[in-house]
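Observations on chain architecture
Take a look at the letters that make up each chain.
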Amino acid sequence: MILSKDEAVCLILGMSKNGEVSSPTKLNKLLARLNLYFIPIDFSFLLNKFGSFSADLSSLQANDYYGITPYSYMGRSVNKFILKPKGQELFTETIKPKIDKILTDEEFNSLKKTIQYLGSLSVTEISDNEHKKLLVDIDDRFKLKQKINENFIELSDLYQQISKLPENKIAEIRLKALVEYCYYLIKYLKEKRFKHLSEQEYDFDAHMFDYYFLYNISQVIPFLNKQISEKEKDAIAINKFYQYFVNSVKEEYPFSIDNQNLRELIV
Amino acid sequence: MGIIKNTYAFDDSSILKLCTVNIPNSFQIFFQKKILTARNYNKLKLLIDKLTMQDIPKFRFVPAENIEDNIMKVANQILEGYNIQMLGIVFKTEIIDQLTEFNDQIRKEFLEIVKDGDIYGIKQTFESNLKELNKEDNMPQDDDLKIIAGYSRYECDGNKYLITEDEHFWGYGDLILKNFNIYVVKEWECHTLNV
């Protein structure tokens, strides 16, 4: 499961106050934030000094689902995004049913509140908040390395356990697949992506998914530990995490099942 | 005089086997192809195409209570004989997801025959004619009996065919025909049906 570009934009607009987002930069930040809620969207994000940046967003044009309206703000012309009735229809009939497969109503309402709260902040405030969470700043490199090592050790332990788990239900199979995927993903981040961390200054070529995945793996480990020993699995949550890690990225990110050379990164 | 039309009903496993699974790029190296199908896919497809060409409806049984088990069974069958040396459980999950999505879409193309929970008499018929099957359990499951009950009570002018790979049906093919007037068609022979 992945939300297309239009679906992702309509999700943000549909959750925002008055169905509006006041600038493309803010829309970028809010879309990026969906990653911290494990929602796979078809946008690729790169790192820049202001946080996550998506080149795809600058090419967005008004369509049947949302309009782009210029307005004047402090002497500058800024474009705001506005949800159209067809976008609202897409939200209700297509996006929400997809979201219902990965989020409970409570989680969805919490996401909606967060998006509305973030929408009230400035772009810089949203970026700072994201940088701190993801340990993107150079000053946080030590913490970042520590986090990679801790997560790798914990996932190695979890990975050792999955061969003993049954495969009688889809949720059980998916849980094993999630652990398997996260283990190889953190191994890849540790051994390949963040290998030369201490030698580098700010890495402007970094893919934001390196940071999103690392942060999200650390969030999901306690859940995995608990689920492995639970008799009744939480199928919705397992599916949410699985869909996020496996389907958020396509060929443009090396650790992806769509990359025909993935095997070389794993072996 | 109208043309008497036969009824062709498929069990859930056979319907799922109509799915063509797209192999994600990273796994294609283990298969040397881009698409995977269940072993009887071509035969089932041939029958489905014949029915479609003649505008004959296809049927399935509802409610589909065992769909999760059937999806896992078909996924295992699709994977049989392959050795995937990387992210094997992830690949299996991807197959399961594609089968689930396929099931959500294809079920709209099939008309429904409602299973019947009144299986007391049918159960007795089977119990007094129990056969030695290759399967672990010689007795059909209650859900199998509900299919037979629902189908036998379904009104149709022509013949009733049940396409299935389940030995609980074809192992009792004679009994089911004699007592319930249903022709059980082994899935791997379904392409030979004249429709």
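None of these values were measured; they are calculated from a predicted model. Starting from 1, residues in each chain are numbered consecutively following that chain's sequence as written. Chains carry letters from A onward and ligands carry numbers from 1 onward, assigned in written order. Local features in this predicted model are restricted to residues of pLDDT 70 or higher, and side-chain atom pairs are both shown and tallied only at a pLDDT of 80 or more, whereas totals for entire chains, interfaces and linings draw on every residue.

Some points on the sheet that holds strand β1 (residues 20–21) of chain A
Residues and elements named next belong to chain A. Taken in spatial order, the three strands line up as β1-β5-β4 in an open sheet, and their pairing is antiparallel. Of all strands in the sheet, those with a lone pairing partner are β1 and β4 (66–73), marking the two edges. Between any two strands, pairing holds if DSSP finds at least two bridges. Under the scheme used here, helices are H or I runs from DSSP no shorter than 4 residues and strands are E runs no shorter than 2 residues, and both carry numbers assigned from the N terminus. Two strands pair when backbone bridges link them, and β4 and strand β5 (residues 76–83) are joined in this way by eight bridges, in the antiparallel orientation. Residue pairing in the sheet places Ser 72 in a bridge with Ser 77 of β5. Packed onto the sheet, helix α1 (residues 5–15) meets β1, β4 and β5 and runs at close to 90° relative to β5. Contact between two residues is assigned when their C-beta atoms, built from the backbone, lie within 7 Å. Throughout, an axis means a line fitted to C-alpha atoms (over the contacting stretch in the case of helices), and angles, computed between N-to-C directions, take values from 0 to 180 degrees.

Some details on the pairing of strand β4 (residues 58–62) of chain B
Residue and element names in this part refer to chain B. Counts of 20 or more other C-beta atoms within 10 Å of a residue's own C-beta define buried residues, counts of 12 or fewer define exposed ones, and intermediate counts define partly exposed ones; C-beta atoms are placed from the backbone. The alternating pattern of β4 places Phe 59 and Phe 61 on a buried face, while none of Lys 58, Arg 60 and Val 62, on the opposite face, is buried. Bridge count between β4 and strand β5 (residues 111–114): four bridges; the pairing is parallel. Paired with Arg 60 across the strands is Glu 112, a residue of β5.

What about the interface of chain A and chain B?
Counting residues at the interface gives 18 residues for chain A, matched by 16 residues for chain B. Counting only elements with at least two residues in the side of chain A that touches chain B, the list comes to α8 (170–193), α10 (235–247) and α11 (262–266) of chain A. The element contributing the most residues to the side of chain A that touches chain B is α8 of chain A, with eight residues.

Details of helix α2 (residues 41–53) of chain B
All names here are of chain B. Expected span of a helix: the number of residues minus one, times 1.5 Å. For α2, spanning 13 residues, the distance from its first C-alpha to its last is 18 Å, which sits close to the expected 18 Å at 1.5 Å a residue. Among all positions of α2, only Lys 43, Leu 44, Leu 47 and Ile 48 are buried. In an axial view of α2, the angular spread of the buried residues amounts to 130°, which keeps them on one side of the axis. α2 presents Asn 42, Asp 49, Thr 52 and Met 53 as exposed residues on the side facing more than 90 degrees away from its buried surface. On its buried side, α2 packs onto α1 (12–16) and β4. Looking one or two residues beyond α2, the residue adopting positive phi is Asp 55, at roughly 60°. Throughout, the arc means the angular range of directions from the helix axis out to the C-beta atoms.

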